[in-house]
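For reference, the chains in residue letters:
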Amino acid sequence: MSMPFYVSPEQLMKDRADFARKGISRGRSLVAVQYADGVLFVTENPSQALHKVSEIYDRIAFAAVGRYNEFENLRIAGVRLADMRGYAYDRRDVTGRGLANAYAQTLGTIFSSGGEKPYEVEIFVAEIGDAAADDQVYRLTYEGRVADEHGYAVMGGDAETVTAYLQEHYSAGCSLEEALTVAVAALGHSASEDRVIPTSDLEVAVLDRTRTQPRKFARILPARLDTLLGDRGPGRHAAPIPEDGDPGTAASDPVTDAPDDPTDQVSGSVPPLEDPGSGEPPVAPPL
Amino acid sequence: MMDDPRLPAAFLRPGTSSFSDFLAEHKPDLLPARKSLPAGANQAGADLAPHGTTIVAATFPGGLVMAGDRRATMGNVIAQRDIEKVFPADEYSVVGIAGTAGLAVEMVRLFQVELEHYEKIEGSVLSLDGKANRLSALIRANLGMAMQGLAVVPMFAGFDLDRGIGRIFGYDVTGGRHEERHFFTVGSGSMFARGAMKKLFRDDLSEQECVTLAIQALYDAADDDSATGGPDVTRRIFPVVHVVTADGGRVVPEQAVAEIADRVIGGRMRRPDGPVAPLTTGEDA
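Residues numbered from 1 in each chain as written. Chains lettered and ligands numbered in written order. Predicted model: local features only at pLDDT ≥ 70, side-chain atom pairs only at ≥ 80, totals over all residues.

In the annotation of an unreviewed UniProt entry, the entry for chain B reads Proteasome subunit beta, and the organism field reads Nocardioides panacisoli. Per UniProt, chain B has the following entry under Function (unreviewed entry): "Component of the proteasome core, a large protease complex with broad specificity involved in protein degradation." Quoted verbatim from the Subcellular location (unreviewed entry) field of the UniProt record, the comment on chain B reads "Cytoplasm". (UniProt positions renumbered as here; feature names shortened; annotations may be inferred.)

Going by an unreviewed UniProt entry, chain A carries the name Proteasome subunit alpha and comes from Nocardioides panacisoli. What UniProt records for chain A under Function (unreviewed entry) is the sentence "Component of the proteasome core, a large protease complex with broad specificity involved in protein degradation." In its Pathway (unreviewed entry) section, the UniProt entry covering chain A states "Protein degradation; proteasomal Pup-dependent pathway."

With respect to the sheet that holds strand S3 (residues 53-57) of chain A
Hydrogen bonds between backbone atoms are what pair the strands of a sheet, whose relative direction is either parallel or antiparallel. Residues and elements named next belong to chain A. With antiparallel pairing, five strands are arranged side by side in an open sheet as S3-S4-S5-S6-S7. Only two strands of the sheet have a single partner each, and these edge strands are S3 and strand S7 (146-149). Going from strand to strand, the sheet's axes swing by 25 degrees on average, the running direction of each strand aside. In the sheet, S3 pairs with strand S4 (residues 60-66) via four bridges, with the strands oriented antiparallel. (Pairing = 2+ DSSP bridges. Helix = DSSP H or I, 4+ residues; strand = E, 2+ residues; numbered from the N terminus. Axes fitted to C-alpha atoms, helices over the stretch in contact; angles between N-to-C directions.)

Overview of the interface of chain B and chain A
Contacts between the two partners involve 18 residues from chain B, matched on the other side by 18 residues from chain A. Of all the secondary-structure elements, those providing two or more residues to the side of chain B that touches chain A are helix H1 (9-12), helix H2 (19-26) and helix H4 (101-122) of chain B. Take the side of chain B that touches chain A: its biggest share by element is six residues, from H4 of chain B. (Contact = placed C-beta atoms within 7 Å.)

Concerning the UniProt feature "active site" (unreviewed entry) in chain B
Residues and elements named next belong to chain B. Mapped onto this numbering, the UniProt entry annotates "active site" (unreviewed entry) at Thr53. Note that Thr53 resides in the loop between strand S1 (51-52) and strand S2 (55-60). Classification of Thr53 by C-beta neighbours within 10 Å gives buried; the count is 28. Filtering out sequence-adjacent residues up to four positions away, Thr53 remains in contact with Asp69, Arg71, Thr73, Ala98, Gly187, Ser188, Gly189, Ala227 and Thr228. (Buried ≥ 20, exposed ≤ 12 C-beta atoms within 10 Å, placed from the backbone.)

Thoughts on helix H5 (residues 128-141) of chain B
It helps to recall that an α-helix has 3.6 residues per turn; residues three or four apart then point in one direction. Residues and elements named next belong to chain B. When the terminal C-alpha atoms of H5 are compared, their 20 Å separation across 14 residues agrees well with the 20 Å that a helix rising 1.5 Å per residue should span. By the burial criterion, the buried members of H5 are Leu128, Lys131, Ala132, Arg134, Leu135, Leu138 and Ile139. Summarising the axial view, the buried residues of H5 lie within an arc of 160 degrees, below the 170-degree limit, and thus occupy one face. (Expected span 1.5 Å × (residues − 1). Arc of directions from axis to C-beta.)

Points about the sheet that holds strand S2 (residues 38-44) of chain A
Residues and elements named next belong to chain A. Read from one edge to the other, the open sheet built from five strands follows the order S8-S1-S2-S9-S10, with strand pairing classed as antiparallel. In this open sheet, the two strands that pair with only one neighbour each are strand S8 (152-155) and strand S10 (217-220). On average, each strand axis in the sheet is inclined to that of its neighbour by 15 degrees, with strand direction left out of account. Here strand S1 (residues 30-35) runs beside S8; their pairing, made up of four bridges, is antiparallel. Residue pairing for S8: Val31 is matched across the bridge by Val154. Against the sheet, helix H5 (residues 176-188) touches S1, S2 and strand S9 (202-208), its axis set at about 30 degrees to S2.

As structure tokens, this is what we get:
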């Protein structure tokens, strides 16, 4: 008779947390910045179709990093929850706090249940009020922790470097142009260089309280980004996300396409929708 | 509403991008059409529940206008003088309701969420025909109640961004939809409004003229149908008018409608039957 290994609960949780953290840090960073008229989200995402920032409700937006299929599931659940609550009660009764709470409970349960793999995602839920002082940004982590963020917040990838840059350059109550400029510069900043991210690689969205419609969420498309950011010199695309030798990503030079292996990196003529290792959409080749 | 703070499993299940389908599966009691009346209640609802009356719509080059009178009736009683019966469905479409007001307003609310929900989940907007078909499904779900006298007969219109024109869809109680050319009317005063529109409509109306056309048609409906409210000059209650163009939909400000309505009334002071259509055979045109 074989004896099951004993794993202490501390070790179990730590392993699960390490697993989730590793998955999240492989992706690119996402920045949420509060500005005078609302909240701005910026991330480097060459895909025009697979969004990381989305609308949930009139004044509530959702942003996520990590595994696309996992946070997409959570996003759809959030839209359903918000629409159902707004339909059953009233549009004003849908709050970011309620949504953040539902996400926290869900992520927390999944993280601590032994049967499921923890979600490799980190989420921002932002809600704007009638004045800047009423704006809220909630950070939700893979284990269901909720934190209330002020000013700016960064998740995914090299969050520390980006946070350090923002700490130095961010000023409260700035305009949209200023907030966008500092956020984009922060994403391009690394210890070795300051890269200019091409506007076509940026996914930018705002919750803007000056919009006249009840739905305050809007995407800012590359054409408008060029105007807002002005001339920044020649842009350069990001380097592909490095493999880290994770056994699940089959980094060891696979040579043939194995259609039954979902982690295989070689696909006949069809490129994978997203990188199975990091969950990132594929980077468009430089023009 | 939710006892469990966690998101229920149904919310996380990938699947439909239709909000009404999701409700039918998860919270069917929230759907307006899921109630059934007791047997023997046949037609009694018709006199107990307020009814909305006349809606008119017409297209002009570059857009469309939809307008509704403000009266709700309950049998022979006027239930409400300032009810609104035309609503934006989304940015590029409007929906007007005739029939049982309580159910119709709920159906419009569901329809609005349905369109917005699809847009958020899919990241793209439904085609105008797709929206019209969804409304068909919602009306069909109400068929049982319609047979018991609580019918809802909406009218849907929107700007087709692909084709660059305004389009109007009419419905019957079974959810059958039909696209109308140029103009359409529904509700108790619809035949009188349609008669007026037939004589006044032209292909080359401006937006302002099209609004005037709608107000003239509603005036004629109110003239001959007791359940349709005419412009209320003493209380300053005028029709609700929505205009949809390539720039999106908007409500015509009350002040602007009041000005047009005052001019229409002024004209009717001299000629109560309204503008005269030329008595030509059409051959010499």
